[in-house]
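Topology and contacts: notes
Now for the letters of each chain:
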Amino acid sequence: MVNVVLAGGGTAGHTSPLIATADAIIDRVPDASLVAIGTARGLETRVIPAAGLRLELIPPVPLPRKPSLDLVKVPVRLVGAVQAAKRILTEARADVLVGFGGYVALPAYVAARQLKIPVVVHEQNSVPGLANKVAARFAADVCTAFPGTELPRAEFIGMPLRAGITSLDRAAERDRACRHFELNPRMPVLLVSGGSQGARSINAAVFDSFPKLLAAGIQVLHVLGQKNFTNETVEVTDAETSAVYRPIAYVDAMEDAYAAADLMVGRSGAGTVVETAVVGLPSVLVPLPHGNGEQARNAESLVQAGGARLLADEACTGAWMTAELPRMLADKDRLAAMSEAGRALMPNDAAAVLADRVLRHVGGRG
């Protein structure tokens, strides 16, 4: 029996590659026993069980960004979380632990090392998180979603993605996807999304510009984020061009939105950057203007390859969209070149590659 424990949670940036990797492991070893470790705080409490995976919870150990009283509490919290993780690993008879970072990963990494269980690390961002920085020092394998991520012995393999993304043929699915969103497949479609939580500055720029975009014959599929979608959010159709502004709160299957679109404007979270590259969707990436700069770093490789255009948050205005997006959408040769550049940069088999790495260490417990 193959027993694999996967650790990662908090956001979709950690849980989505975890689920994709678990699926790839089951594809190879259908009777493998898989257990995911998470905390009660994260998205994993909903999405991990929904994916058919067993979820075990440990106490969260948040790491303060600035010195505070909470920093003093970290060692005590970490000890308790490590003990909980050790119990899960022992009861699961884990052959190997694969971690995806986040609050839950550090206690799991420490527990696995104490139990002499091989550790495989996958880092999703260009700027690695603390947990993966620590684990990379003793991990059996260290894999990254982006080229150039600074971790010891790291190998760039890409991001583990769902089969719905990796197998997407945008051209073949365009008509169906446009009909799904009640859009005209014969007119250009701009997809705008700030991620599952939305993006205030991007949304404001769209609200300011969409009437002129519609007048130019450009349809807008706007994913606002659930918290930004209100009763006042309504669709608009231009009387002369029949172009539609279609606001929606959330998209369960982003491959449908990618297939409908000719160009995307969005944040440069790791998942968005890799998914748009893999499916060949040209993009304008607007990194978050705060944090540790990881979103700007995430965008670098795709922008340098020619698959995306970088736009600073303060420059993301309605005036910019009105001036630049019609030109970009009218340049079919440029869009085709951007599409090819993205596909050439990002591998689409990372889930399979990571699953093989994980299974290679089964039986390798020291």
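Whatever comes next refers back to the structure up there.
Residues numbered from 1 in each chain as written. Predicted model: local features only at pLDDT ≥ 70, side-chain atom pairs only at ≥ 80, totals over all residues. Heavy atoms only, no water.

In this section: the packing of aromatic side chains. By the definition in use, this model includes one aromatic pair. For the ring pair Phe-210 and Tyr-245, a centre distance of 4.0 Å and an interplane angle of 5 degrees mean the geometry is stacked. Remark: Tyr-245 occurs in strand 11 (residues 244-248) and Phe-210 occurs in helix 8 (residues 200-215); sequence separation between them is 35 residues. Judged by its relative accessible area of 2%, Tyr-245 falls in the buried class. (Phe/Tyr/Trp six-rings, centres within 6.5 Å; stacked < 30°, edge-to-face > 60°. Helix = DSSP H or I, 4+ residues; strand = E, 2+ residues; numbered from the N terminus. Buried < 20%, exposed > 50% of the residue type's maximum accessible area, 1.4 Å probe, protein only.)

Among the secondary structure elements, Asn-132 is positioned in helix 5 (residues 130-135). Side-chain polar atoms of Asn-132 contact the backbone oxygen of His-122, separated by 3.3 Å. Excluding its chain neighbours within four sequence positions, the residues that come into contact with Asn-132 are Phe-100, Gly-101, Tyr-109, Val-121, His-122, Glu-123 and Leu-151. (Polar contact = N/O pair within 3.5 Å; in protein donor to acceptor, adjacent residues only side chain to side chain. Contact = heavy atoms within 4.5 Å.)

With that settled, consider the sheet that holds strand 7 (residues 154-156). Pairing within the open sheet is parallel, and its seven strands lie in the order 3-2-1-4-5-6-7. Strands with a single pairing partner mark the edges of an open sheet, and in this sheet they are strand 3 (54-57) and strand 7. Within this sheet the neighbouring strands show an average axis-to-axis angle of 25 degrees, counted without direction. For strand 1 (residues 3-7) and strand 2 (residues 33-38), the ladder comprises five bridges, and the chain directions are parallel. Among the inter-strand pairings, Leu-6 is bridged to a residue of strand 2, identified as Ala-36. (Pairing = 2+ DSSP bridges. Axes fitted to C-alpha atoms, helices over the stretch in contact; angles between N-to-C directions.)

Attention now goes to the packing of helix 12 (residues 318-330) against helix 13 (residues 332-345). Closest axis-to-axis distance for the helix 12/helix 13 pair is 5 Å, and the angle between their directions is 80 degrees. Looking at the two axes, helix 12 sits roughly perpendicular to helix 13. Between helix 12 and helix 13, the contacting residues are Met-328, Leu-329 and Ala-330 on the first element and Lys-332, Arg-334, Leu-335 and Met-338 on the second. Here the contact of helix 12 with helix 13 is built from residues that sort into five nonpolar, no polar and two charged. (Parallel < 35°, antiparallel > 145°, perpendicular 65-115°, else oblique. Nonpolar A, V, L, I, M, F, W, Y, C, P; charged D, E, K, R; others polar.)

Attention now moves to the environment of Asp-356. Looking at where Asp-356 falls in the secondary structure, it is placed in helix 14 (residues 350-360). Sequence separation of Asp-356 and Ile-25 is 331 residues, and the distance between their C-alpha atoms is 7.6 Å.

Once that is clear, we can look at the environment of Val-358. By the element assignment, Val-358 lies in helix 14. Residue classification places Val-358 among the buried residues on the basis of a relative accessible area of 0%. Residues Val-358 and Asp-141, spaced 217 residues apart in sequence, show a C-alpha to C-alpha distance of 8.4 Å. If near-sequence neighbours (up to four positions away) are discounted, Val-358 is found in contact with Val-4, Ile-25, Val-96, Val-98 and Val-120.

Glancing now at the pattern of salt bridges. Going through the model one piece at a time under the given rule, you end up with 16 salt bridges. The partner of Arg-28 in a salt bridge is Asp-356, with the nearest N and O atoms 2.7 Å apart. With Arg-28 in helix 1 (residues 12-28) and Asp-356 in helix 14, the pair connects residues that are 328 residues apart, well separated along the chain. In this structure, Glu-324 engages Arg-327 in a salt bridge whose closest nitrogen and oxygen atoms are separated by 2.6 Å. Of the two residues, Glu-324 and Arg-327 are both situated in helix 12; the distance of three residues between them amounts to about one turn of the helix. Relative accessible area serves as the criterion here: at 18%, Glu-324 is assigned to the buried category. Here Arg-327 falls in the exposed class, since its relative accessible area comes to 53%. (Salt bridge = Lys/Arg side-chain N within 4 Å of Asp/Glu carboxyl O.)

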